[in-house]
Amino acid sequence: MQSNRVIIFDTTLRDGEQSPGASMNTAEKLEVAQALADLRVDVIEAGFPIASPGDFEAVRAIAQQIVGPTIAGLARCNKADIERAGDAIRPAERGRIHVFLATSAIHREFKLNMAKEEILRRSVEGVKLARTFTDDIEFSPEDASRTEPEFLAQVIEAVIGAGATTVNIPDTVGYATPDEFGDLFRYLFNQVPNIDRAVISVHCHNDLGLAVANSLAAVKAGARQVECTINGIGERAGNCSLEEVVMALRTRHDHWGLETNVQTKRLHPTSRLVANTTGLHVQRNKAIVGQNAFAHEAGIHQDGMLKNRITYEIMHPEDVGLTRTELVLGKHSGRHALRQRVIDMGYSINEAELDMVFEEFKRLCDKKKEIFDADIEALIEKKLHVGTNAWELATLHTAAGSSCVPSATVTLKRSDGESFMKAEFGDGPVDAIFRAMESITGYRGVRLTDYQVRSVTGGQDAQGEVYVEVKHEGKVYRARSVSTDIVEASATAFLNVLNRIAAGQSQRPPAESTNQMAQKEDA
Ligand code: KIV
Ligand code: ZN
């Protein structure tokens, strides 16, 4: 009998981190991993330990510190990868090694140059070696959706025989369609004699916008683990979005009759944290976590909503951690009121963190009459954003107007305590700030590829959020910042980007994707 519980395997820190510009340092990964544990995902794929020393450290730190979920490390099907992954996950309460090897004719011929027999032999050997580190082994036949079904069934039977406890069926290039993908799972359930000895998992990419639909089709056919990422981030067009798949299963329980363990009230804060940490925006109309996901604009809709919410609302915003409140905080609100609001919004912060947020809150109250949820969210993210920064903004002065050349004088403090001041001219004050910062930090070839300003809430005294995207030495870096002064927000957003460049350089060389690495070694 199939279980009615779907295992949620989150790969935000591995496949998600492979999005261009989304790399995180160890402190940031730990913060996201804790949020995923609070969200109650079942498995956290913490990284690809062989990819770099930084990746190994991050997986190990997560295995040491995060309790609750199983911690998985990815490995190609070779000795060095599997041993490295085994070492990285060793400290975990429950650790998993996730071994993968491509099986499709295209990958066999053009990437691996291996015959079917060799793929079979290596898969079995890889699983057996991984079993010497842990009993929890997942095997993925990469590019499964484009693999001959008979050969795929043969590989699955062999790896289960060798000790794989989960077999994951990836649609690596986002090529599948829901009907045919569901049929593939039904075929495998019928053809693989020992399939009941493993959990069958699904892993979809979103190249045709079908990742969630394909994952749900696989679940309908019997898959009981879904691999997904927060906000759907991942290689190219991304992976199956965790929040969408979880809320689809929950909202249409009548259709699927399946449960997950996810605490859905934590979806919105986790989504904000991941967006803030990676710098990858969530589009406004994104299902579940987009800013407009629960906004009703049309008069007819608003009228219906006032009469009865169910006229136009299939889920309650509260269920995904969005609080609907008329309560606005201001300068007379105390620490207790702020704490309550923070809890109601789904964040869990300790007393020391609350002190920091309260201090910022009071400062904001001097600039802004009413403080809305979005303001508090921005404060929490700004204050609690972790990571050791190479540079801090000490002072900022700008001059601009219709009759002068815009200029900026910036002082930055380096992590060793030394301060550096620089003045520059520019096309405008923001350009002048960016130039001054580039000249202090020495990052000369930084090319601004996107710059956006938006207001966090309504009102003339609203905080402005600035989003900055740059290219440096072929890599993309993104960051955001918030302030009531958009010039200051621009400065801190750009400095956040420079700090990311600094962290990237000191932690690891420009990251290669797992697929590129696999090609290099296996070829
Ligand atoms: O998309 C893919 O095939 C993968 C595997 C490593 C599971 O990410
Ligand atoms: Zn993938």
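Here the structure is a predicted model, which is why all the values come from computation and not from measurement.

## Overview of the packing of aromatic side chains
Here's step 1: Under the definition given, this model contains 6 aromatic pairs.
Here's step 2: Ring plane angle 80° and centroid distance 5.1 Å describe the contact between F181 and F185, whose orientation is recorded as edge-to-face. Separated by 4 residues within a single helix, F181 and F185 lie in helix 7 (residues 178-191), roughly one turn from each other.
Here's step 3: With 6.3 Å between their ring centres and 75° between their planes, F434 and Y451 make a pair best called edge-to-face. With F434 in helix 16 (residues 429-441) and Y451 in strand 12 (residues 447-455), this residue pair connects regions lying 17 residues apart in the sequence.
Here's step 4: Take F434: its relative accessible area is 5%, and that puts it in the buried class.
Here's step 5: On the basis of relative accessible area, Y451 is assigned to the partly exposed category, the value being 31%.
Here's step 6: Aromatic rings pair up to connect F434, Y451 and F494 into one cluster.
Here's step 7: Of note, R84 hangs over the ring of F56, and the distance from its end group to the ring centre comes to 3.8 Å.

## Observations concerning the coordination of the zinc ion (ligand 2)
Here's step 1: At 2.0 to 2.2 Å from the zinc ion (ligand 2) lie its protein donor atoms, namely D15 (OD), H203 (NE2) and H205 (NE2).
Here's step 2: For the zinc ion (ligand 2), all donor residues lie on one chain, and their spacing in sequence is D-x187-H-x1-H. For the pair H203 and H205, a shared accessibility class is recorded, and that class is buried.

## What to know about the site of ligand 1
Here's step 1: As a structural note, the neighbourhood of ligand 1 is formed by R14, D15, H98, F100, S140, E142, N168, P170, T172, H203 and H205.
Here's step 2: Between D15 and ligand 1, the recorded distance is 3.1 Å, taken from a side-chain N or O atom to an oxygen atom.
Here's step 3: The side chain of H205 places a nitrogen or oxygen atom 3.0 Å from an oxygen atom of ligand 1.
Here's step 4: Protein chains bury 97% of the 260 Å² of accessible surface belonging to ligand 1 in isolation.
Here's step 5: Mapped onto the shell around ligand 1, the elements with two or more residues apiece are strand 4 (95-102), strand 5 (137-142) and strand 6 (166-171).

## Here we look at the pattern of salt bridges
Here's step 1: This model, assessed by the stated rule, comprises 39 salt bridges.
Here's step 2: Among the salt bridges present, the one from R14 reaches D15, with a minimum N-O distance of 3.4 Å. Of the two residues, R14 and D15, both sit in the buried class.
Here's step 3: In this structure, the salt-bridge partner of E244 is K286, at a minimum N-O distance of 2.6 Å.

## Notes on unusual backbone geometry
Here's step 1: You will see that D143, though not glycine, has its phi angle at about 60°, which is positive.
Here's step 2: Note on placement: D143 falls in the loop between strand 5 and helix 6 (149-162).
Here's step 3: Despite not being glycine, E473 shows a phi value in the positive range, around 45°.

## Some remarks on a nonpolar patch on the surface
Here's step 1: Together, L448, Y451, V453 and I486 line one region of the surface with nonpolar side chains, adding up to about 320 Å² of accessible area.
Here's step 2: Ranked by the residues each element gives to the nonpolar patch, the list is headed by strand 12, at 3 residues.
Here's step 3: With respect to the helices and strands, I486 occurs in helix 17 (residues 486-507).

## Brief notes about the pairing of strand 5
Here's step 1: Burial analysis of strand 5 places 6 of its 6 residues in the buried class, the great majority of the element.
Here's step 2: The sheet contact formed by strand 4 and strand 5 spans 6 bridges and is parallel. Paired with I97 across the bridge in strand 5 is I137.
Here's step 3: Direction of pairing for strand 5 relative to strand 6: parallel, over a ladder of 2 bridges. Of the residues in strand 6, the one forming a bridge with F139 is V167.

## Overview of the sheet that holds strand 5
Here's step 1: Strand order in the closed barrel made by the 8 strands is 1-2-3-4-5-6-7-8, with parallel pairing throughout. Each strand axis lies, on average, 25° off the axis of its neighbour in the sheet, ignoring direction.
Here's step 2: The sheet contacts of helix 3 (residues 79-89) involve strand 3 (70-76) and strand 4, and relative to strand 3 the element is tilted by about 165°.
Here's step 3: Of the strands in this sheet, strand 4 and strand 5 touch helix 4 (residues 105-112), which is tilted by about 85° from strand 4.

## A short note on the domain arrangement of the chain
Much of the literature gives interface size as the accessible area that the parts lose upon coming together.
Here's step 1: Examined at the domain level, the chain breaks down into domain 1 (7-278), domain 2 (295-384) and domain 3 (391-522).
Here's step 2: Between domain 1 and domain 2, the C-alpha centre-to-centre distance is 34 Å.
Here's step 3: In this assembly, 14 residues from domain 1 lie in contact with 14 residues from domain 2.
Here's step 4: In this assembly, domain 1 packs against domain 2 so that about 1,200 Å² is buried in total across both faces, 45% of it on carbon and sulfur atoms.
Here's step 5: Among the residues domain 1 hides against domain 2, the three largest losses belong to K265, H268 and R272. Together they make up 39% of the total.
Here's step 6: There are 2 salt bridges connecting domain 1 and domain 2.
Here's step 7: A salt bridge links E377 to R272, with the shortest nitrogen-to-oxygen separation between them at 3.5 Å.
Here's step 8: Between domain 1 and domain 2 we count 5 residue pairs in polar contact (both at pLDDT 80 or more) in total.
Here's step 9: Those elements that place two or more of their residues in the side of domain 1 that touches domain 2 are helix 1 (26-39), helix 9 (242-251) and helix 11 (267-278).
Here's step 10: Looking at the side of domain 1 that touches domain 2 element by element, the count peaks at 6 residues for helix 11.
Here's step 11: Tallied by class, the residues present in the side of domain 1 that touches domain 2 amount to 4 nonpolar, 4 polar and 6 charged.

## What to know about the sheet that holds strand 12
Here's step 1: Spatially, the 3 strands line up as an open sheet ordered 12-13-14, and their pairing is antiparallel. Two strands close off the open sheet at either side, each with one partner strand: strand 12 and strand 14 (475-483). The average angle at which neighbouring strand axes cross in this sheet is 15°, direction not considered.
Here's step 2: Direction of pairing for strand 13 (residues 464-472) relative to strand 14: antiparallel, over a ladder of 9 bridges.

## Focus on the pairing of strand 7 (residues 199-204)
Remark: a regular strand shows side chains that alternate across the two faces of the sheet.
Here's step 1: The buried count for strand 7 comes to 5 of 6 residues, which makes it a mostly enclosed element.
Here's step 2: Summarising the sheet, strand 6 and strand 7 pair through 6 bridges and their orientation is parallel. Bridge pairing in strand 7 places N168 opposite S201.
Here's step 3: For the segment spanning strand 6, helix 7 and strand 7, crossover handedness is right-handed.
Here's step 4: For the crossover that starts at strand 7, traverses helix 8 (residues 211-220) and ends in the parallel strand 8 (residues 225-228), the hand is right-handed.

Scoring rules and cut-offs
- Residues numbered from 1 in each chain as written.
- Chains lettered and ligands numbered in written order.
- Predicted model: local features only at pLDDT ≥ 70, side-chain atom pairs only at ≥ 80, totals over all residues.
- Heavy atoms only, no water.
- Phe/Tyr/Trp six-rings, centres within 6.5 Å; stacked < 30°, edge-to-face > 60°.
- Helix = DSSP H or I, 4+ residues; strand = E, 2+ residues; numbered from the N terminus.
- Buried < 20%, exposed > 50% of the residue type's maximum accessible area, 1.4 Å probe, protein only.
- Lys NZ or Arg CZ within 6 Å of the ring centre and 35° of its normal.
- Donors = N, O, S within 2.8 Å, 3.2 Å for Na, K, Ca; no water.
- Near = heavy atom within 4 Å.
- Polar contact = N/O pair within 3.5 Å; in protein donor to acceptor, adjacent residues only side chain to side chain.
- Areas by Shrake-Rupley, 256 points an atom, 1.4 Å probe, with all protein chains shown as cover.
- Salt bridge = Lys/Arg side-chain N within 4 Å of Asp/Glu carboxyl O.
- Patch = residues over 30% accessible without salt bridge, like charges linked within 9 Å, V, L, I, M, F, W, Y side chains within 5 Å.
- Pairing = 2+ DSSP bridges.
- Axes fitted to C-alpha atoms, helices over the stretch in contact; angles between N-to-C directions.
- Contact = heavy atoms within 4.5 Å.
- Domains from an automatic or database assignment.
- Buried area = accessible area lost by both parts, 1.4 Å probe.
- Nonpolar A, V, L, I, M, F, W, Y, C, P; charged D, E, K, R; others polar.
- Right-handed = clockwise from strand over helix to strand, strands pointing away.

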